[in-house]
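Here are the chains, one letter per residue:
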Protein chains: 2
Amino acid sequence: MACGEFDVIARYFDRYKHSRRDVQLGIGDDCALLTVAEKQVLAISTDTLVEGTHFLPTIDPADLAYKALAVNVSDLAAMGADPAWLSLALTLPKVDEPWLAAFSDSLFEQLNYYGMQLIGGDTTRGSLSLTLTVHGLVPAGRALTRSGARVGDWIYVSGTLGDSAAGLALLQDRLTVTDDDDRRALLARHLRPQPRVLHGQALRDLANAAIDISDGLISDLGHILKASACGARIDLDAIPYSDAMQRQVTPEQALKWALTGGEDYELCFTVPEINRGALDVALHHAGAPFTCIGQLAPQSEGIQYLRGNRPVELGWQGFDHFMDQ
Amino acid sequence: MACGEFDVIARYFDRYKHSRRDVQLGIGDDCALLTVAEKQVLAISTDTLVEGTHFLPTIDPADLAYKALAVNVSDLAAMGADPAWLSLALTLPKVDEPWLAAFSDSLFEQLNYYGMQLIGGDTTRGSLSLTLTVHGLVPAGRALTRSGARVGDWIYVSGTLGDSAAGLALLQDRLTVTDDDDRRALLARHLRPQPRVLHGQALRDLANAAIDISDGLISDLGHILKASACGARIDLDAIPYSDAMQRQVTPEQALKWALTGGEDYELCFTVPEINRGALDVALHHAGAPFTCIGQLAPQSEGIQYLRGNRPVELGWQGFDHFMDQ
């Protein structure tokens with residue numbers, strides 16, 4: 001192979017020397033050096049994506065770069081943080097220059113969109129996988145967590161649910177959609193999820209708790225309930241679906257994907273009654289709908305699912321990479 | 001498999017809830033939340049270790065955890081930073097509980113040694129690999145970089161060189177050592193390298209540039225020379241070897257491993273003449289020897305190797321994971 005490790009890094013990932021003022025030293029030394037302004041708290045999250053486990057071997061490198069960053073930025077959104085810096089560890093079976101060009105073009109486009117800077121990482125040889133560590137900033141004392149929810153809070157979700165699972169089903173030929181627009185819309189929701197950064201920031205002073213929906217609503221709301229010692233009543237009739245989903249999928253399948261499908265990267269958040277009016281104003285310009293889907297209840301009640309105020313039973317769970325599926 | 005992803009994380013990596021005061025929120029939310037004191041700069045470094053590329057499949061999990069952290073902390077040492085937080089992304093082919101127990105015991109022992117806290121990460125299924133992102137703190141304006149070296153600076157290294165390559169050769173049956181103590185000493189230098197954190201901190205106000213020796217002295221000194229636009233004269237007779245190396249390896253092989261073997265995780269640093277006296281005092285208690293091996297020269301001279309003040313020719317280079325070897 002003619003191209004050494006340092007050449008690869010230099011050529012594809014060291015293209016933009018500087019953009020953020022808080023980056024004293026970026027790529028090219030033993031460490032990056034960063035400054036954090038007074039009264040700002042640092043939020044850090046790490047995600048690994050492995051070929052075959054998190055994405056299909058056929059994925060377009062531009063989609064992969066997009067999704068890897070979006071998934072990670074979604075964790076910052078769930079804390080109400082401003083995205084700032086990225087460390088990228090990229091393991092590749094070989095140096096494939098067209099692949100690297102497409103991947104890095106897409107990555108830098110997205111970094112630019114979020115005002116983020118790539119500050120370092122590592123490039124190694126092995127089966128294709130990526131580990132991203134994102135760093136964001138949030139004013140001290142104003143970060144959203146999973147543990148602040150209170151009984152009586154209203155439960156909201158941003159956007160629509162289940163579309164990403166439908167998009168994955170399309171890619172895996174488990175779902176057939178003949179309408180081109182609907183097919184494209186569902187695929188886009190799987191391949192190009194939109195982290196709700198503006199929602200998260202708008203929620204800093206309004207929501208008691210927030211999480212991003214990566215493993216399915218039930219599983220992720222469950223983390224809030226556990227951390228906050230609450231139960232919940234979910235109005236199944238209120239779950240928001242996209243137009244494409246409503247047109248192309250049976251109501252039962254749509255509900256299952258919405259509750260357990262995962263990878264929607266919408267936010268689930270809880271808001272006290274007193275903040276509901278302010279919420280409508282604050283989220284009005286955030287660029288995606290938001291829907292009240294239920295209310296927090298005492299922990300002893302667990303999760304109750306309702307239709308027209310009558311309890312119904314569901315047997316599904318969120319997915320888990322290490323569980324047999 | 002009976003053990004889900006979240007159980008694994010909870011059981012082995014969420015054992016110590018809190019230790020550092022600057023960790024507002026550790027493992028268990030969408031992000032960790034950290035505070036950075038005024039006048040401190042954040043140093044961040046990422047390293048990936050892949051089975052088969054960076055470690056042998058037979059490696060003991062305790063050694064792997066030790067080395068993964070040591071390698072990464074070595075980058076903080078090279079900046080003069082205090083180690084603070086770790087994000088760990090662990091990709092495993094299966095949930096092997098004895099392996100996880102040994103790995104995490106060793107990891108927490110080392111984290112405790114450095115006063116570091118595990119703040120988050122990810123656990124995924126795939127071929128065995130680890131990505132660590134370490135965060136350290138360094139007083140503003142006092143970090144060591146690769147680019148501060150000046151012509152006339154004296155070139156130093158900590159400890160002894162080449163032992164790690166000898167240890168690897170032992171593991172791969174390319175070297176035979178019958179003396180048990182020497183064998184153990186060389187193996188330990190490969191399996192349990194000691195990042196020079198105290199050296200790095202002591203050098204903050206004394207060295208003009210520093211780097212850790214991960215790819216071999218020639219390669220890593222080369223990064224300083226390139227970043228600082230200097231050349232160098234290296235006195236091959238001054239290269240420091242361990243007693244075990246001197247007893248068990250031919251001088252020619254010892255020199256080759258010292259210059260190009262890699263993975264010693266010693267520091268290479270450059271010091272102006274005026275600071276040499278202070279250096280002796282500052283490093284006296286740092287726990288490892290340090291040796292002057294040459295002097296920086298004008299860039300036009302490149303790297304010159306000397307024996308008894310007479311130039312000699314060498315044909316070797318540092319290694320590169322993506323180059324044919």
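Residues numbered from 1 in each chain as written. Chains lettered and ligands numbered in written order. Predicted model: local features only at pLDDT ≥ 70, side-chain atom pairs only at ≥ 80, totals over all residues. Heavy atoms only, no water.

1. Some thoughts on the overall build of chain A
- Along the backbone of chain A there are 10 helices and 13 strands.
- Scaling as 2.2 N^0.38, a compact globule of 325 residues should have a C-alpha radius of gyration of about 20 Å, and chain A matches this with 20 Å.
- Principal-axis analysis of the C-alpha atoms places the extent of chain A at approximately 65 × 50 × 35 Å.
- Among the 325 residues that make up chain A, the fraction classed as buried is 59%.
- Contacts spanning at least 24 positions in sequence make up 86% of the contacts within chain A whose residues lie at least 6 apart.
- A total accessible area of about 13,200 Å² is found for chain A, and carbon and sulfur atoms account for 48% of it.
- Here chain A holds 26 positive side-chain charges and 42 negative ones, and the gap between their average locations is 3 Å. (Helix = DSSP H or I, 4+ residues; strand = E, 2+ residues; numbered from the N terminus. Rg over C-alpha atoms; globule rule 2.2 N^0.38 Å. Buried < 20%, exposed > 50% of the residue type's maximum accessible area, 1.4 Å probe, protein only. Contact = heavy atoms within 4.5 Å. Areas by Shrake-Rupley, 256 points an atom, 1.4 Å probe, with all protein chains shown as cover. Lys, Arg positive; Asp, Glu negative; His and termini not counted. Charge placed at Lys NZ, Arg CZ, Asp CG, Glu CD.)

2. Quick notes on the UniProt feature "binding site: Mg(2+) 1" (unreviewed entry) in chain A
- In this structure's numbering, the residues bearing the UniProt feature "binding site: Mg(2+) 1" (unreviewed entry) are A:Thr46, A:Asp47 and A:Asp122.
- Assignment of secondary structure puts A:Asp47 in strand β3 (residues 40-50).
- Non-local contacts of A:Asp47, meaning those with residues more than four positions away in its chain, are made with A:Val71, A:Asn72, A:Asp75, A:Leu130, A:Thr131, A:Leu132 and B:Asp122.
- Separated by 2.8 Å, the side chains of A:Asp47 and A:Asn72 make a polar contact.
- With relative accessibility at 13%, the residue A:Asp122 sits in the buried group. (UniProt positions renumbered as here; feature names shortened; annotations may be inferred. Polar contact = N/O pair within 3.5 Å; in protein donor to acceptor, adjacent residues only side chain to side chain.)

3. So, the pairing of strand β4 (residues 82-92) of chain A
All names here are of chain A.
- Among the 11 residues in β4, 10 count as buried, and that is most of the element.
- As paired elements, β4 and strand β6 (residues 129-139) share 9 bridges and run antiparallel to each other. Note on β6: the bridge partner recorded for Pro 83 is Gly 136.
- Two elements, β4 and strand β5 (residues 117-125), share 8 bridges in a ladder whose sense is parallel. Residue pairing across strands places Leu 86 opposite Leu 118, the latter belonging to β5. (Pairing = 2+ DSSP bridges.)

4. Description of the sheet that holds strand β12 (residues 303-307) of chain A
Residues and elements named next belong to chain A.
- Pairing is mixed across the open sheet formed by 7 strands, whose spatial order is β8-β10-β7-β11-β9-β12-β13. Two strands bound the open sheet, and with one partner strand each, they are β8 (209-212) and β13 (310-312). On average, adjacent strands in this sheet sit at an angle of 30° to one another, irrespective of strand direction.
- Where β8 and strand β10 (residues 267-271) come together, 4 bridges link them in antiparallel fashion. The partner of Ala 210 across the bridge, within β10, is Phe 269. (Axes fitted to C-alpha atoms, helices over the stretch in contact; angles between N-to-C directions.)

5. Points about the packing of helix α4 (residues 163-171) of chain A against helix α5 (residues 180-191) of chain A
Residue and element names in this part refer to chain A.
- The geometry of α4 relative to α5 is characterised by a closest axis approach of 7 Å and an angle of 105° between their N-to-C directions. The pairing of α4 with α5 is recorded here as roughly perpendicular in orientation. Residues Asp 163, Ser 164, Ala 166, Gly 167, Leu 168, Leu 170 and Leu 171 of α4 touch α5, and the partners they reach there are Arg 183, Leu 186, Leu 187, Arg 189, His 190 and Leu 191.
- A per-class count over the contact of α4 with α5 returns 7 nonpolar, 3 polar and 3 charged. (Parallel < 35°, antiparallel > 145°, perpendicular 65-115°, else oblique. Nonpolar A, V, L, I, M, F, W, Y, C, P; charged D, E, K, R; others polar.)

6. A word on the pattern of salt bridges
- One pass over the full model with this rule turns up 34 salt bridges over all chains.
- Residue A:Arg146 pairs with B:Asp30 through a salt bridge whose shortest N-O separation is 3.3 Å. Of this pair, A:Arg146 sits in the loop between β6 and β7 (154-158) while B:Asp30 sits in the loop between β1 (23-25) and β2 (32-34), on two different chains. We note that A:Arg146, like B:Asp30, is buried.
- A:Asp237 is paired through a salt bridge with A:Arg307; the nearest N and O atoms lie 2.9 Å apart. In this pair, A:Asp237 sits in the loop between β9 (230-235) and α8 (243-248) while A:Arg307 sits in strand β12, placing the two residues 70 residues apart along the sequence.
- Exposure remark for A:Arg307: the relative accessible area of 37% places this residue in the partly exposed category.
- Connected through shared salt-bridge partners, A:Asp163, A:Arg189, A:Arg196, A:Asp264 and A:Glu266 make up one network. (Salt bridge = Lys/Arg side-chain N within 4 Å of Asp/Glu carboxyl O.)

7. Some words on the sheet that holds strand β2 (residues 32-34) of chain A
- An order of β1(A)-β2(A)-β3(B)-β6(B)-β4(B)-β5(B) is seen for the 6 strands of this open sheet, with the pairing classed as mixed. Unpaired on one side and paired on the other, β1 (23-25) of chain A together with β5 (117-125) of chain B mark the two borders of the sheet. For this sheet the average axis-to-axis angle between neighbouring strands, irrespective of direction, equals 20°.
- Lying over the sheet, helix α2 (residues 61-79) of chain B contacts β1 and β2 of chain A together with β3 (40-50), β4 (82-92) and β6 (129-139) of chain B, oriented at roughly 30° with respect to β6(B).

8. A look at helix α5 (residues 180-191) of chain B
All names here are of chain B.
- For α5, spanning 12 residues, the distance from its first C-alpha to its last is 16 Å, which sits close to the expected 16 Å at 1.5 Å a residue.
- Of the residues making up α5, those classed as buried are Asp 182, Leu 186, Leu 187, Arg 189, His 190 and Leu 191.
- Tucked into the core, α5 has its buried residues touching α2, α4 (163-171) and α8 (243-248).
- Among the residues of α5, the N-terminal cap falls to Asp 179, whose side-chain oxygen and the backbone nitrogen of Asp 181 are separated by 3.1 Å. (Expected span 1.5 Å × (residues − 1).)

9. Overview of the interface of chain A and chain B
- With 64 residues of chain A in contact, the opposing surface of chain B contributes 65 residues.
- A combined buried area of about 5,100 Å² lies between chain A and chain B, and 57% of that area is made up of carbon and sulfur atoms.
- The interface formed by chain A and chain B contains 4 salt bridges.
- Our count for the contact surface shared by chain A and chain B stands at 19 residue pairs in polar contact (both at pLDDT 80 or more).
- With 9 residues, β3(A) is the single largest residue contributor to the side of chain A that touches chain B.
- In terms of residue class, the side of chain A that touches chain B is built from 28 nonpolar, 23 polar and 13 charged.
- In this sheet, β2(B) lies alongside β3(A) in antiparallel orientation, the contact comprising 3 bridges. Each bridged residue has a counterpart across the sheet, and for A:Ala43 the counterpart in β2(B) is B:Leu33. (Buried area = accessible area lost by both parts, 1.4 Å probe.)

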